[in-house]
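Single-letter residue listing:
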Amino acid sequence: MANMSKTTRILKHKNLFNDVFKRQYSDFVRGKATAAANLKEPVLFHGEPSGPSVVTPIPGPRSTKLINELETIQNTGAVQFFVDYDHCLGNYLFDADGNVLLDMFTQIATIPIGYSHPRLMAALRKPENIASFVNRPALGCLPPSNWVNKLKDVLLAVAPPGLTNVQTMQCGACSIEHSQKAIFMWYQRHRRGGRPPNEEELRSCITNEKPGTPEICVMSFHKAFHGRTMGALALTHTKWVHKLDFPQPNWPIAPFPALQYPLDEFVRENREEEDRCLNTVRELFEKWRLKGNPVAGIAVEPVQCEGGDNHATPYFFQGLQDIAKENDAALLIDEVQTGCGSTGKFWAHEHFNLREAPDLVPFAKKMMTGGFYFKKDFKPTEGNRIFTTWTGDPSKVSMLEAVVDVIFQEDLVTNTAIVGDYLMSVLKELQKRYPGLIKNARGLGTLTAIDFNNVESRDKAVYNLRQKGVLVGVCGEMSMRFRPTLMFQNHHVDIFTDIFNDVLTGLNK
């Protein structure tokens with residue numbers, strides 16, 4: 001009964017909208033200069049630093065020394081600096097040299113409620129959680145006795161509307177891998193008319209031959225990123241560094257809409273672009289069917305994050321769902337980076353008003369654990385088909401339980417919607433002020449980005465921001481992206497704005 005009560009409470013809070021909080025924030029956005037004197041912003045994270053503090057170049061001498069030592073063990077080409085995680089707090093990251101940075105990239109969009117949140121620290125110390133940290137189970141065959149309740153009370157309590165099944169995994173890439181396997185099994189069951197596989201199919205699959213190894217595929221999009229393992233990499237089309245030297249299947253790749261901004265000024269042009277892309281998707285279905293390698297599913301991101309924070313309108317995603325239905329194919333919406341509240345909805349695809357739920361929704365990053373939600377038709381009919389040694393990690397679900405409680409108690413999804421609006425207003429104002437440097441401010445919630453007019457300026461701005469105590473990310477060819485925590489507030493936007501304005505002024509000279 002207690003478990004049911006908790007699930008009901010979470011579901012109730014999931015749709016809660018704090019009108020007073022929204023009204024206060026809206027007043028602040030409409031007139032920062034006048035409202036700031038009358039508005040005391042609610043404190044979401046107590047005790048964090050009041051702002052960045054930079055005492056050495058970044059990387060500093062200690063980080064540089066550690067990078068050189070690490071280079072003797074492994075490649076350090078991607079290492080920026082070393083971090084003192086014992087002192088990181090809230091929205092602020094402390095490096096090994098004592099520098100304090102406002103973190104607007106948060107470990108590649110993975111920190112949900114800030115560094116060292118007291119609720120997460122408490123979850124680590126709960127007696128009922130300790131065993132799961134010490135004794136990591138092979139969940140696929142020996143789950144703990146409280147596992148069913150954990151799935152119901154945590155993962156299913158925040159499931160995308162219409163999806164009632166969930167499978168945990170270790171990370172985002174393996175969530176994509178196993179989602180594809182679920183699609184292929186579902187598709188082949190339909191092809192066989194529900195009959196079990198025959199002896200020839202069972203024998204031939206062992207040596208990668210037909211008919212047990214069918215020619216079927218998943219359609220993906222140019223500039224998509226779905227992960228770096230081999231199956232996920234088949235759907236990834238961003239940078240050569242991800243793909244070079246690896247054998248990959250020849251699967252269909254469709255164009256993703258290249259929208260013009262601001263969206264409300266290019267409605268006709270953007271509709272034409274989305275129609276062009278949808279028509280190509282239809283053509284690719286037919287082309288691959290005639291080749292004898294039919295498309296079993298479509299994989300798409302709600303926002304193409306790594307590929308450049310590329311957006312499409314609800315019309316496009318509704319069209320994709322219609323095309324998938326027409327061709328008896330699955331629709332997979334990859335929410336690894338966009339899920340868990342950063343877009344102003346718990347799931348980004350909730351912005352699209354789809355006619356029904358997607359067939360599969362992989363998740364990871366801010367969700368603490370990997371996995372995927374799916375419709376019941378995509379559940380395997382045999383054991384060991386969707387399986388790894390661990391098949392997820394109960395300790396991560398215990399951490400997510402604390403995260404979910406904080407999200408709904410503090411109404412953090414509303415927070416990202418409101419603060420995202422404020423951040424967007426700042427970015428739009430700055431692009432008006434510096435038209436020769438930046439353009440195309442865009443986003444959903446705090447999942448935002450802006451383009452620079454050339455890659456050199458973008459990279460210099462990222463470097464200069466870091467030297468002044470702000471950590472941001474990059475994506476695509478010339479984009480700067482922002483992925484703050486769900487605890488990010490307007491006063492953090494103000495800190496960023498002052499520093500970003502200084503950086504842009506310096507680049508504009």
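Our subject is the structure listed above.
My aim in this report is to walk through the structure given alongside it, one point at a time. All residue numbers refer to positions counted from 1 along the written sequence of the respective chain. Selection of residues for local features in this predicted model requires a pLDDT of at least 70, selection of side-chain atom pairs for listing and counting requires 80 or more, and totals for whole chains, interfaces and linings are taken over all residues. No hydrogens and no water enter the side-chain calculation; it runs on all heavy atoms of the structure.

**Notes on the sheet that holds strand 2 (residues 100-103)**
Right, so step 1: Strands are treated as partners if at least two bridges between them are detected by DSSP. Think of it this way: any DSSP run of H or I at least four residues long counts as a helix, any run of E at least two long counts as a strand, and we number them from the N terminus. A sheet is described by the order of its strands in space; here 3 strands give the open sequence 1-2-12, paired in mixed fashion. With partners counted over all chains shown, the strands left at the sheet margins are strand 1 (92-94) and strand 12 (470-471), one partner each.
Right, so step 2: Whether two residues are in contact is decided by their heavy atoms, any of which lying within 4.5 Å being enough. Fitting a line to C-alpha atoms yields each axis, with helices limited to the stretch in contact; the angle taken between N-to-C directions then spans 0 to 180 degrees. Strands strand 1, strand 2 and strand 12 of the sheet are contacted by helix 18 (residues 490-508), whose axis makes an angle of about 110 degrees with strand 2.

**Concerning the pairing of strand 4 (residues 217-221)**
Walk down a regular strand and you will see the side chains alternate between the two sheet faces.
Right, so step 1: Of all 5 residues in strand 4, 5 are buried, a share of seventy percent or more.
Right, so step 2: For the exposure calls, accessible area comes from a 1.4 Å probe over protein chains only, and a residue counts as buried if that area is under 20% of its type's maximum, exposed if over 50%, partly exposed in between. Side chains of strand 4 alternate between two faces, with Cys217, Met219 and Phe221 and Val218 and Ser220 buried alike.
Right, so step 3: Bridge count between strand 4 and strand 6 (residues 295-300): 3 bridges; the pairing is parallel. From the neighbouring strand, methionine 219 faces strand 6, where its bridge partner is isoleucine 298.
Right, so step 4: Pairing of strand 4 with strand 5 (residues 253-254), which is carried by 2 bridges, proceeds in the parallel orientation. Following the sheet pairing, phenylalanine 221 is matched in strand 5 by alanine 254.

**Considerations on unusual backbone geometry**
Right, so step 1: Note that the residue after lysine 210, namely proline 211, is joined by a cis bond; omega there is 0 degrees.
Right, so step 2: Turning to its location among the elements, proline 211 is positioned in the loop between helix 10 (199-204) and strand 4.
Right, so step 3: In this structure, proline 262 follows tyrosine 261 across a cis peptide bond, with omega equal to -5 degrees.
Right, so step 4: Of note, proline 262 is situated in the loop between strand 5 and helix 13 (267-290).
Right, so step 5: Phi is positive for threonine 106, close to 50 degrees, though the residue is something other than glycine.
Right, so step 6: Turning to its location among the elements, threonine 106 is positioned in helix 5 (residues 106-109).

**Observations regarding the side chain of arginine 442**
Right, so step 1: Among the structural elements, arginine 442 can be located in strand 10 (residues 438-444).
Right, so step 2: Since its relative accessible area comes to 4%, arginine 442 is described here as buried.
Right, so step 3: There is a polar contact of 2.7 Å between the side chain of arginine 442 and the backbone oxygen of asparagine 440.
Right, so step 4: At 2.9 Å, the side chain of arginine 442 forms a polar contact with the side chain of aspartate 451.
Right, so step 5: Those residues in contact with arginine 442 that sit more than four places away from it in its chain are Tyr261, Gly308, Asp309, His311, Met424, Leu447, Thr448, Ala449, Ile450, Asp451 and Ser479. By the criterion applied in these results, polar contacts are pairs of N or O atoms within 3.5 Å in which, for protein atoms, one can donate a hydrogen and the other can accept it, and in which residues neighboring in sequence qualify only through two side-chain atoms.

**A few points about the packing of helix 13 against helix 14 (residues 314-326)**
Right, so step 1: Their axes nearest at 10 Å, the elements helix 13 and helix 14 cross at an angle of 15 degrees. Classified by the interaxial angle, the pair formed by helix 13 and helix 14 is roughly parallel. Taken as a pair, helix 13 and helix 14 cross one another with a handedness that is right-handed. Across the interface between the two elements, Arg271, Glu274, Asp275, Cys277, Leu278, Val281, Arg282 and Phe285 from helix 13 touch Tyr315, Phe316, Gly319, Leu320, Ile323 and Glu326 from helix 14.
Right, so step 2: In this count, Pro and Cys sit with the nonpolar residues alongside Ala, Val, Leu, Ile, Met, Phe, Trp and Tyr, while Asp, Glu, Lys and Arg are called charged and the others, Gly among them, polar. Split by residue class, the contact of helix 13 with helix 14 holds 8 nonpolar, 1 polar and 5 charged. Angles below 35 degrees are treated as roughly parallel, those above 145 as roughly antiparallel, those between 65 and 115 as roughly perpendicular, and all remaining angles as oblique. Note on convention: the crossing is left-handed when the near helix lies turned anticlockwise from the far helix by less than a right angle, right-handed when the turn is clockwise.

**Remarks on the sheet that holds strand 11 (residues 447-452)**
Right, so step 1: Judged by pairing direction, the sheet is antiparallel, and its 4 strands sit side by side in the order 10-11-14-13 without closing on themselves. Of all the strands in the sheet, just strand 10 and strand 13 (473-475) have a single pairing partner and so form its edges. In this sheet, adjacent strand axes meet at a mean angle of 25 degrees when their direction is disregarded.
Right, so step 2: Direction of pairing for strand 11 relative to strand 14 (residues 479-482): antiparallel, over a ladder of 4 bridges. What sits directly across from aspartate 451, in strand 14, is serine 479.
Right, so step 3: This element, helix 16 (residues 412-433), spans strand 10, strand 11 and strand 14 of the sheet and lies at about 170 degrees to strand 10.
Right, so step 4: Along the sheet, helix 17 (residues 455-467) contacts strand 11, strand 13 and strand 14; its crossing angle with strand 14, the most-contacted strand, is approximately 35 degrees.

**Comments concerning the environment of histidine 117**
Right, so step 1: Relative to the helices and strands, histidine 117 resides in the loop between helix 5 and helix 6 (118-125).
Right, so step 2: Sequence separation between histidine 117 and glycine 90 is 27 residues; the distance between their C-alpha atoms is 6.7 Å.
Right, so step 3: Setting aside chain neighbours within four positions, we find histidine 117 in contact with Phe45, Val406 and Met487.

**Considerations on the environment of cysteine 277**
Right, so step 1: Tracing the backbone through its elements, the reader meets cysteine 277 in helix 13.
Right, so step 2: Each C-alpha atom of the pair cysteine 277 and tyrosine 422 lies 32 Å from the other, and the pair is 145 residues apart in sequence.
Right, so step 3: Filtering out sequence-adjacent residues up to four positions away, cysteine 277 remains in contact with Pro255, Phe256, Pro257 and Phe316.

**Quick notes on helix 18**
Right, so step 1: Expected helix span is given by 1.5 Å per residue-to-residue step, counting one fewer step than there are residues. Compared with an ideal rise of 1.5 Å per residue, which puts 19 residues at 27 Å, helix 18 spans 26 Å between its outermost C-alpha atoms and is within 8% of the ideal.
Right, so step 2: Within helix 18, the full set of buried residues consists of Asn490, His492, Val493, Asp494, Ile495, Phe496, Thr497, Ile499, Phe500, Asn501, Val503 and Leu504.

**Quick notes on the pattern of salt bridges**
Right, so step 1: Salt bridges are identified by distance alone: a Lys or Arg side-chain nitrogen within 4 Å of an Asp or Glu carboxyl oxygen. Tallied over the entire structure, the rule returns 20 salt bridges.
Right, so step 2: In this structure, the salt-bridge partner of aspartate 322 is arginine 355, at a minimum N-O distance of 3.4 Å. Note that aspartate 322 is positioned in helix 14 and arginine 355 in the loop between strand 7 (330-333) and strand 8 (360-363), a separation of 33 residues in sequence.
Right, so step 3: For aspartate 322, a relative accessible area of 27% puts it in the partly exposed group.
Right, so step 4: Residue arginine 355 is classed as exposed on the basis of its relative accessible area, which comes to 57%.
Right, so step 5: A salt bridge links arginine 385 to glutamate 382; its shortest N-O distance comes to 3.0 Å.
Right, so step 6: Beyond isolated ion pairs, a larger network of salt bridges with shared partners links Lys325, Glu356, Asp359 and Lys375.

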